[in-house]
Amino acid sequence: SDGVASVGREKDEEVLGLRDRVADLEGALKASKEDASSQLDQMKQELTDTSSLLEESKRSAAQAEAAVAAAAAAAEKELQTQREANEAALQSLQEQHQKEIDDLESKYSDGVASVGREKDEEVLGLRDRVADLEGALKASKEDASSQLDQMKQELTDTSSLLEESKRSAAQAEAAVAAAAAAAEKELQTQREANE
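Residues numbered from 1 in each chain as written. Predicted model: local features only at pLDDT ≥ 70, side-chain atom pairs only at ≥ 80, totals over all residues. Heavy atoms only, no water.

Student: Just give me the short version of the overall build of the chain, but keep the residues and values in it.
Tutor: Scanning the chain from N- to C-terminus turns up one helix and zero strands. Relative to the 2.2 N^0.38 estimate, which gives 16 Å for 195 residues, the radius of gyration of the chain is 77 Å and therefore markedly larger than a compact globule would have. Only carbon and sulfur atoms are counted for the fraction: they give 57% of the accessible area of the chain, which is about 16,900 Å². One way to put it: in the chain the 24 positive side-chain charges average out to a point 3 Å from where the 45 negative ones average out. (Helix = DSSP H or I, 4+ residues; strand = E, 2+ residues; numbered from the N terminus. Rg over C-alpha atoms; globule rule 2.2 N^0.38 Å. Areas by Shrake-Rupley, 256 points an atom, 1.4 Å probe, with all protein chains shown as cover. Lys, Arg positive; Asp, Glu negative; His and termini not counted. Charge placed at Lys NZ, Arg CZ, Asp CG, Glu CD.)

Student: Talk me through the pattern of salt bridges; I want residue IDs and the actual numbers.
Tutor: Summed over all chains, the structure comprises three salt bridges. Note that Glu56 and Arg59 form a salt bridge whose closest N and O atoms lie 2.6 Å from each other. Placement of both Glu56 and Arg59 in helix H1 (residues 2–194) is noted, with a separation of three residues, approximately one turn of the helix. Close ionic contact of Lys99 with Asp103 constitutes a salt bridge, the shortest N to O distance being 3.2 Å. With Lys99 and Asp103 both in helix H1 and four residues apart, this pair spans about one turn of that helix. (Salt bridge = Lys/Arg side-chain N within 4 Å of Asp/Glu carboxyl O.)

Student: Report on the environment of Arg19, specifying residues and quantitative values.
Tutor: Secondary-structure assignment places Arg19 in helix H1. You can call Arg19 exposed: its relative accessible area is 58%. Along the sequence, Arg19 and Asp157 sit 138 residues apart, while their C-alpha atoms lie 187 Å from each other. (Buried < 20%, exposed > 50% of the residue type's maximum accessible area, 1.4 Å probe, protein only.)

Have a look at this one:
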């Protein structure tokens, strides 16, 4: 009977121990479930938040893409407008430049014709002036040559007259000397006769 009682007590203790263990395990399991549930809820919330952020990001990306497309379209339109304006301005400048060239060519042609006429008249006038000057120069040379010949002739005549005058002076001087000698001789003869 003691043995049975002892076995009974051991069994009771074992049962109590197992019950405590079961209680502990059930508590741990419950806590684990609650923790897992909490983590699951947190993960669900994070997933929801992430999905919301993803959707917001998609919307923002779509809006950004639409904004970029709109800006690109506006820029392309502005660029096209500017290009057309530049082409029109360039066309206008080219037309104006061509008009100025045509005007200059016309003025140049008229000017060349006018200058040609003026130059022709000037050339004719200069040719007449050259002819007059050549004639005057020729006449001047002939006149100078004539005057030079006349002066040479006068110089020759003067030289001849000078030579003639020198000869006459020599003859007169000889005649005077001879007359003086004759007079001196006559005077000497009379002096001797008087003595």
